[in-house]
Amino acid sequence: MSELDQGQRAFSSFRVLNGEGNHSEREDLFRNMAELFSYVSDRCDDEQVAQYDEVLCQLAEFVEIEARAHVASLLAPLDRAPGTVVVKLANDDIEVARPLLQFSKVLSDDDLIDIITHQSDQHREAIASRHKVAERVGDAIVDHGQTGSVVRLVRNTNAELHKATLEKLVERAAKDVEIAADLRGRTDIDWASLRGEIDDVASKVLETLGEMNRGVDPVTVGKVNAVVYNRMRNRAGFSSTEWKVAYNQVKALSDRKQLNERALARFARFGYGHHSAAALTVILQVKPEVFVKWLASQDYVAMTIALRAAGLAPDLFEAIFATMPWRDLPTTQDTKMVVSRFEAIEREEAANIFELWRAHSFRKRAATEERMAASA
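These numbers were taken from a predicted model, which means no experiment stands behind them.

Caption draft 1: Region of interest: the overall build of the protein chain. The number of helices and strands found in the protein chain is 23 helices and zero strands. Out of the 376 residues belonging to the protein chain, those deemed buried represent 45%. Put simply, of all contacts in the protein chain between residues at least 6 apart along the chain, 71% involve residues at least 24 apart. Carbon and sulfur atoms form 50% of the exposed surface of the protein chain, whose accessible area is close to 19700 Å².

Caption draft 2: Molecular detail of the environment of Val-338. Counting through the fold element by element, Val-338 comes out in helix 22 (residues 332–344). Counting along the chain gives 37 residues from Val-338 to Val-301, while the straight-line C-alpha distance between them is 7.9 Å. When near neighbours in sequence (up to four residues on either side) are disregarded, Val-338 contacts Tyr-300, Thr-304, Phe-317 and Phe-321.

Caption draft 3: Quick peek at the pattern of salt bridges. Under the definition given, this model contains 19 salt bridges. Arg-80 is the salt-bridge partner of Asp-255, the closest N and O atoms lying 2.8 Å from each other. Of this pair, Asp-255 sits in helix 16 (residues 240–255) while Arg-80 sits in the loop between helix 4 (65–75) and helix 5 (83–90), and the two are 175 residues apart along the sequence. Under the relative-accessibility criterion, Arg-80 is labelled buried at 10%. The partner of Glu-178 in a salt bridge is Arg-155, and the shortest N-O contact between them spans 3.7 Å. Within this pair, whereas Glu-178 is found in helix 12 (residues 177–184), its partner Arg-155 is found in helix 10 (residues 147–155), the two being separated by 23 residues in sequence. Judged by its relative accessible area of 40%, Glu-178 is partly exposed. A single network of salt bridges, built from pairs that share partners, joins Asp-46, Arg-80, Lys-251 and Asp-255.

Caption draft 4: Broad picture of the side chain of Arg-308. Note on placement: Arg-308 falls in helix 20 (residues 300–309). Buried and unpaired, Arg-308 has no salt bridge, with Glu-346 as the nearest side chain of opposite charge at 5.0 Å. At 3.3 Å, the side chain of Arg-308 forms a polar contact with the backbone oxygen of Phe-342. With residues up to four places along the chain from it excluded, the contact list for Arg-308 reads Phe-342, Ile-345, Glu-346, Arg-347 and Ala-350.

Parameters at a glance
- Residues numbered from 1 in each chain as written.
- Predicted model: local features only at pLDDT ≥ 70, side-chain atom pairs only at ≥ 80, totals over all residues.
- Heavy atoms only, no water.
- Helix = DSSP H or I, 4+ residues; strand = E, 2+ residues; numbered from the N terminus.
- Buried < 20%, exposed > 50% of the residue type's maximum accessible area, 1.4 Å probe, protein only.
- Contact = heavy atoms within 4.5 Å.
- Areas by Shrake-Rupley, 256 points an atom, 1.4 Å probe, with all protein chains shown as cover.
- Salt bridge = Lys/Arg side-chain N within 4 Å of Asp/Glu carboxyl O.
- Lys, Arg positive; Asp, Glu negative; His and termini not counted.
- Polar contact = N/O pair within 3.5 Å; in protein donor to acceptor, adjacent residues only side chain to side chain.

Shown next as structure tokens:
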């Protein structure tokens, strides 16, 4: 391509970004940029992702629904995608939003709950059909959804249903035959335990549900499968799959300039340990493998120094520490000791120690790279 051609193409792109190009130019640039990003997403650094995010958001304002739907379908399967444009398109018309709502791992539970609250029941149906639906998300669907989205949720065997959510479902089932039929089909619910824990009103409704279909005994089915509806999660243990999802969702949150103490407090409050760890990795600007090593080795000292250097308040530190996906769950004595150390060290002192460690780490890595280059 000649310099003249390159100059004309650059000028055309400049005009498009300023809203001066024609319809065809805008759509072509929008589609092409999204397609290019889909090819290189795993190799982009944060600054590059931010540039794609800004331009795609800007172009999304100028193009028709077909182009927005095409770009949404390109971004939906990506593990790392520009956070702002993903949320923007996920709140778009359902034709645009559907693939993102169903498949995007970039959308966090908070993003999904916001969409459930403010968008259509078709949006809720798409969310209810995700491969995994967290308890908080399912509860929001039951609170805000119509029959279509609630039925889709109940039919999704990967949807986690909290006791409080099940109470609401049982009450709704008394007035909605379709919900009742699908609720009876959930074989992963221990109906016997549920009868013993829900309130009297819901319990009576539950008895009515059992009488509606004598051919299926949900109590027996639940016992045979031995899956209790309110199963306890393993609070300790690192999952590489959950880490990958959490890390990319945190990066998307950072893209939107929403990664802050409020986000950390929210992760701790809802027990999102992998998200807490991923968020601190980004905030502290350490490599993910370093933070994972701290978790695997139960390195309370490194964690204490790093989080004190980051300026966390003692109460937030304690909540975050207890939420972390450690290899082994810290004992009560461990937690008291770590919190005591955290409060005893000054932030400035912790920051100095942390920076010395970081500098030593960089020097060590540089020396290793030099030795590898010399031996090559």
